[in-house]
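Report on the structure
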Amino acid sequence: MVTGKDRQKQLAREHYQRQMQTRVEREQKARRNAIIGTTTAVVVVIGGVVAATTLLGGDDKADPAASAAPSASALANDPKPYDPATGTCGYVADKGNGQVKDVGVPPEKVSTAPATMTISTNLGPIVATLDSAKAPCTVNSFKYLASKDYFDDTRCHRMGTDFPILQCGDPLAKADGKNATDGQGGPGYRFANENLAGAKYTRGVLAMANSGPNTNGSQFFIVFGDTGLSPDYTPFGTVTTGLEILDKVAKKGVIAGATGDGTGAPKQPVVIKDVTITSKS
């Protein structure tokens, strides 16, 4: 017998996946526009350099600002998955819709040694073991972002109660709450999905949020119940300490958003103060 609560969970799960699909379509459109815009910008910059050289007698150097935007080929190509022969991952620069905190791109050479991540929050530490062997590109990205203090003083911007996830990692979600966000912020690069075969999103799983295949950036979610999500989101670790924090926050509820799926910003803010990752060599 299907209870009202079970039905509510099912509706929340289906809405979440529909919302992800909408983001996929929006991101694809943004990339198409970015390709057109980047191509146009290059033409304008080249024209500007020629004009400046002709009128001002300047040297024939490329405009340094032109290198800030990813090339059309970079936007069109999928990032390369982990190559065990070389121990490398491919990361693709992608400014997407421009809502990024640009800290560069992680090194291609990665380690598959076991690692532990500690997320220090305003409510206490959340500790997770990271699966570097099955998700090396993802763990390497987190190591890199943590080394750049990327996550410091950001809020976890989305939570569900019937749909038990806490989503974090948007650099635009500032700790003071002054910067409104709908989860569109990222690091200015993306990387391939990993570890999807047989993936289950049960209590304690740490996984990547995305906008479709191979669009991983910095946003991730922690599962504190059973979501029943399809295997589309890279699982890269397991929380060992701190799930009780999420349980307490969930009991206080969420600020319902326009989605109507029961998810929204948690009423009790969860602020990431620092992320540290240690590896065992």
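So, a few notes on the structure that sits alongside this text.

Calculation criteria
Residues numbered from 1 in each chain as written. Predicted model: local features only at pLDDT ≥ 70, side-chain atom pairs only at ≥ 80, totals over all residues. Heavy atoms only, no water. Helix = DSSP H or I, 4+ residues; strand = E, 2+ residues; numbered from the N terminus. Buried < 20%, exposed > 50% of the residue type's maximum accessible area, 1.4 Å probe, protein only. Polar contact = N/O pair within 3.5 Å; in protein donor to acceptor, adjacent residues only side chain to side chain. Pairing = 2+ DSSP bridges. Contact = heavy atoms within 4.5 Å. Axes fitted to C-alpha atoms, helices over the stretch in contact; angles between N-to-C directions. Salt bridge = Lys/Arg side-chain N within 4 Å of Asp/Glu carboxyl O. Disulfide = S-S within 2.5 Å. Phe/Tyr/Trp six-rings, centres within 6.5 Å; stacked < 30°, edge-to-face > 60°. Core = buried A, V, L, I, M, F, W, Y, C linked by side-chain atoms within 4.5 Å.

Observations concerning the side chain of asparagine 210
Within the fold, asparagine 210 resides in the loop between β8 (205–208) and β9 (220–223). Asparagine 210 sits in the buried class, given a relative accessible area of 5%. Polar side-chain contacts of asparagine 210 include one of 2.9 Å to the backbone oxygen of aspartate 232.

Comments concerning unusual backbone geometry
One non-glycine residue, aspartate 149, adopts positive backbone phi at about 55°. One non-glycine residue, aspartate 153, adopts positive backbone phi at about 60°. Among the structural elements, aspartate 153 can be located in the loop between α3 (136–147) and β4 (154–155). Overall, the relative accessible area of 47% leaves aspartate 153 in the partly exposed class.

Some thoughts on the sheet that holds strand β5 (residues 158–160)
Strand pairing in a sheet relies on backbone hydrogen bonds, with the paired strands running either antiparallel or parallel. On the basis of which strands lie adjacent, the open sheet formed by 11 strands has the order β4-β13-β2-β3-β10-β8-β9-β6-β5-β12-β11 and antiparallel pairing. Edge strands, defined here as strands with exactly one partner in the open sheet, are β4 and β11 (254–256). Two elements, β5 and strand β12 (residues 263–266), share 2 bridges in a ladder whose sense is antiparallel. Its bridge partner lying in β12, methionine 159 is registered against glycine 264. With respect to the sheet, α3 is in contact with β2 (115–121), β3 (124–130), β8, β9, β10 (235–241) and β13 (271–279), its orientation differing from that of β13 by roughly 120°. On top of the sheet, helix α4 (residues 243–251) reaches β3, β5, β6 (165–168), β9, β10 and β12; it is set at about 125° to β3, its chief contact.

Things to note about the pattern of salt bridges
Under the counting rule described, the total for this entry stands at 3 salt bridges. Between arginine 190 and aspartate 94 there is a salt bridge; the shortest N-O distance is 2.7 Å. Residue arginine 190 is located in strand β7 (residues 189–190), and its partner aspartate 94 is located in the loop between β1 (92–93) and β2; the two are separated by 96 residues in the primary sequence. Pair check on accessibility: arginine 190 and aspartate 94 agree, each one buried. The shortest N-O distance in the salt bridge between lysine 95 and aspartate 102 comes to 3.7 Å. A relative accessible area of 19% places lysine 95 in the buried class.

As for the state of the cysteines
Tallied over the entire structure, the rule returns 2 disulfides. Between the sulfur atoms of cysteine 156 and its disulfide mate cysteine 168 the distance is 2.1 Å. For the disulfide bridge between cysteine 156 and cysteine 168, the dihedral angle about the S-S bond is near 95°, and by the sign convention the bridge is right-handed. With cysteine 156 in the loop between β4 and β5 and cysteine 168 in strand β6, this pair connects stretches of sequence that are 12 residues apart. No difference in accessibility class separates cysteine 156 from cysteine 168, as the two residues are buried. If one numbers only the bonded cysteines of the protein chain, in the order they occur, the disulfide pattern is 1-2, 3-4.

A look at the packing of aromatic side chains
For any two aromatic rings, the description comes down to two numbers: the centre-to-centre distance and the angle of the planes. Tallying each qualifying case throughout the model produces 11 aromatic pairs. Between the aromatic rings of tyrosine 201 and tyrosine 233, the centroid separation amounts to 6.0 Å while the plane-to-plane angle is 70°, which identifies the pairing as edge-to-face. One end of the pair, tyrosine 201, is in the loop between β7 and β8; the other, tyrosine 233, is in the loop between β9 and β10, and 32 residues separate them in sequence. The exposure class assigned to tyrosine 233 is buried, which follows from its relative accessible area of 4%. One aromatic cluster in this structure is built from Phe142, Tyr150, Phe151, Phe220 and Phe236.

Brief notes about the nonpolar core
Ranked by internal contacts, the top residues of the largest apolar core, which has 42 residues, are Met117, Phe220 and Phe236. Top contributing element to this core by residue count: α3, with 6 residues. Counting 11 residues, the second largest nonpolar core, distinct from the first, contains Ile165, Tyr201, Phe221 and Leu229.

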